Amino acid sequence: MNQSIENILKEMDRVFEGFFEWLEDQYDEATGGFFYARSSKESGVFLPDIESTSQAINIMERCGILEKLSPERKERMVRFYQAKQDPKSGNFYDEDPNMRLDDVMVGRAIGYSIHSMAKLGGTPLYPLSKERQASPEYMRSSKVYGEWLRSISLANSWRGCDRLCNSAPYIGQLTKEEREPFLKEAFDYFDFIQDRHTGLWGEGGWYVRISGTFKLHTFYNRFQIPLPRVSEMYQSIKFTLRNDDAKDMCYIRNPINLLSSMKLNIPPEDMSEMAEITLINLTRLKQQDGGFSRELAHSPAAPNVAQVKEGEYYPEMPVAVPLGLGLVEGDMNAGTQAILIRWLCHELAGLKPKPLPVLTRLFE
């Protein structure tokens, strides 16, 4: 790999100065959870939430911190998730009742909680069988599922594809025989609506469609189906990085994550250009408190509705579930993505990332 890429990646590491001090400050010893942002903690209005805690655990795992936590602290974090589980449905919920009304948040909380507890050496208190997970009505049959797929608006590709992917955990609970007709409905439909020229799905600006395509690739990956039309997708990613404005941390992470999943042999000149653009975009979102913000203007108060930006439209958006005050500050959603972006850029460049400097007293 050429020296230019190595220099860019070294410069990227400098962007993380102060980040781990910020991360530690988001921890809440009383609950074992993490707050979304500094305003979440200091305002006294919010509590640590499932997504932010899981994202913090992802950061700690990727940076070698998790393995150094004491057994007592890990147990406290496990109890945080166990306290969030509803014994009747088996699902995991935050305190805000509107969280239960957002099917994407509910589906995501199941995966976040189960995987995080496993990393910590814990397990749920209650069963997670199909019946206990309260599978949605569209899982009644493959025919009903197909009708549900076709009913989902892709006017905003990012939000629409996220909703489509929310069905994956429920399909994953089925036996192999039960699963096949559902997967046939899904992949036949996805093939039918994919843009043959760009390799992307849905409508919206370039970054919106790249982000929707990234969401849908997670569905393909989960069921070990190769992504179709990756050559067209690759050209779309390069065009987007060069020409569109990355005003959201997800817009920086999603194309890099998508590239990683393609397993392509990227020419060094392309890799240098993409890494440099990514570094510039990442630097724009670094905040004075040491964290990264999800958006250029501020940290969105309610990340569950942050996919649809001002001036964009998506029908039947869920009620906003605020996690912070929406100030100019770092937030956990952006922080976990920033760490992943760094890791993915090294992976794409064929380099092993060196450990970032982490305070030795962290989480003591």
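Residues numbered from 1 in each chain as written. Predicted model: local features only at pLDDT ≥ 70, side-chain atom pairs only at ≥ 80, totals over all residues. Heavy atoms only, no water.

Asks: Even after reading the chapter, I still don't get the overall build of the protein chain, so can you show me in this structure?
Replies: Within the protein chain, the secondary structure is distributed over 15 helices and 2 strands. Relative to the globule expectation of 21 Å for 364 residues, the C-alpha radius of gyration of the protein chain, 20 Å, shows essentially globular dimensions. Its C-alpha atoms give the protein chain principal-axis dimensions of about 55 × 50 × 40 Å. Relative to its full complement of 364 residues, the protein chain shows a buried share of 55%. Expressed as a percentage of contacts within the protein chain between residues at least 6 apart in sequence, the contacts between residues at least 24 apart total 74%. A total accessible area of about 16100 Å² is found for the protein chain, and carbon and sulfur atoms account for 51% of it. Put simply, the protein chain has 43 plus and 51 minus side-chain charges, and the middle of one group is 3 Å from the middle of the other. (Helix = DSSP H or I, 4+ residues; strand = E, 2+ residues; numbered from the N terminus. Rg over C-alpha atoms; globule rule 2.2 N^0.38 Å. Buried < 20%, exposed > 50% of the residue type's maximum accessible area, 1.4 Å probe, protein only. Contact = heavy atoms within 4.5 Å. Areas by Shrake-Rupley, 256 points an atom, 1.4 Å probe, with all protein chains shown as cover. Lys, Arg positive; Asp, Glu negative; His and termini not counted. Charge placed at Lys NZ, Arg CZ, Asp CG, Glu CD.)

Asks: Honestly, the nonpolar core in this entry has me stumped. Any pointers?
Replies: Ranked by size, the top nonpolar core spans 105 residues in total, and within it Leu23, Met60, Tyr145, Phe190 and Phe219 carry the most contacts. Examining the composition of this core, we find that 9 residues originate from one element, helix H15 (residues 332-348), more than from any other. (Core = buried A, V, L, I, M, F, W, Y, C linked by side-chain atoms within 4.5 Å.)

Asks: Help me out: how do you make sense of the environment of Val230 in this one?
Replies: Turning to its location among the elements, Val230 is positioned in helix H12 (residues 230-243). Residue classification places Val230 among the partly exposed positions, given a relative accessible area of 24%. Placed 32 residues apart in sequence, Val230 and Thr198 show a C-alpha to C-alpha distance of 9.2 Å. In contact with Val230, other than residues within four places in its own chain, are Met262 and Leu264.

Asks: Would you mind going over the confidence of the model for the protein chain with me for this structure?
Replies: The predicted coordinates should not be examined in detail at positions where pLDDT is low. Per-residue confidence for the protein chain gives a mean pLDDT of 93, with 98% of residues at or over 70. Confidence, read as mean pLDDT per element, is least for helix H9 (residues 168-172) in the protein chain (89) and greatest for strand S2 (residues 33-34) (98). (pLDDT = per-residue confidence, 0-100.)

Asks: Would you mind going over the environment of Ser70 with me for this structure?
Replies: Following the sequence through the fold, Ser70 ends up in the loop between helix H4 (50-62) and helix H5 (71-84). Accessibility expressed as a relative area gives 28% for Ser70, which makes it partly exposed. Once the C-alpha coordinates of Ser70 and Phe363 are considered, the two residues, 293 residues apart in sequence, prove to be 8.9 Å apart.

Asks: Is there a simple way to think about unusual backbone geometry in this case?
Replies: Working note: non-glycine residues mostly have negative phi, and peptide bonds are mostly trans. One non-glycine residue, Lys263, lies in positive phi territory at about 55 degrees. Along the chain, Lys263 turns up in the loop between helix H13 (249-262) and helix H14 (268-284). Accessibility expressed as a relative area gives 68% for Lys263, which makes it exposed. Of note, the phi angle at Glu316 is positive, near 55 degrees, even though the residue is not glycine. Mapped onto the secondary structure, Glu316 falls in the loop between H14 and H15. Judged by its relative accessible area of 73%, Glu316 falls in the exposed class.

Asks: Can you help me understand helix H8 (residues 157-165) in this one?
Replies: Every α-helix winds through 3.6 residues per turn, so residues three or four apart in the chain are directed the same way. With 9 of 9 residues buried, H8 lies mostly within the body of the structure. Residues of H8 that are buried include every one of Ser157, Trp158, Arg159, Gly160, Cys161, Asp162, Arg163, Leu164 and Cys165, and no others. Each element contacted by the buried residues of H8 is listed here: helix H6 (103-120), helix H7 (142-151), H9, helix H10 (176-193), helix H11 (206-222) and H13.

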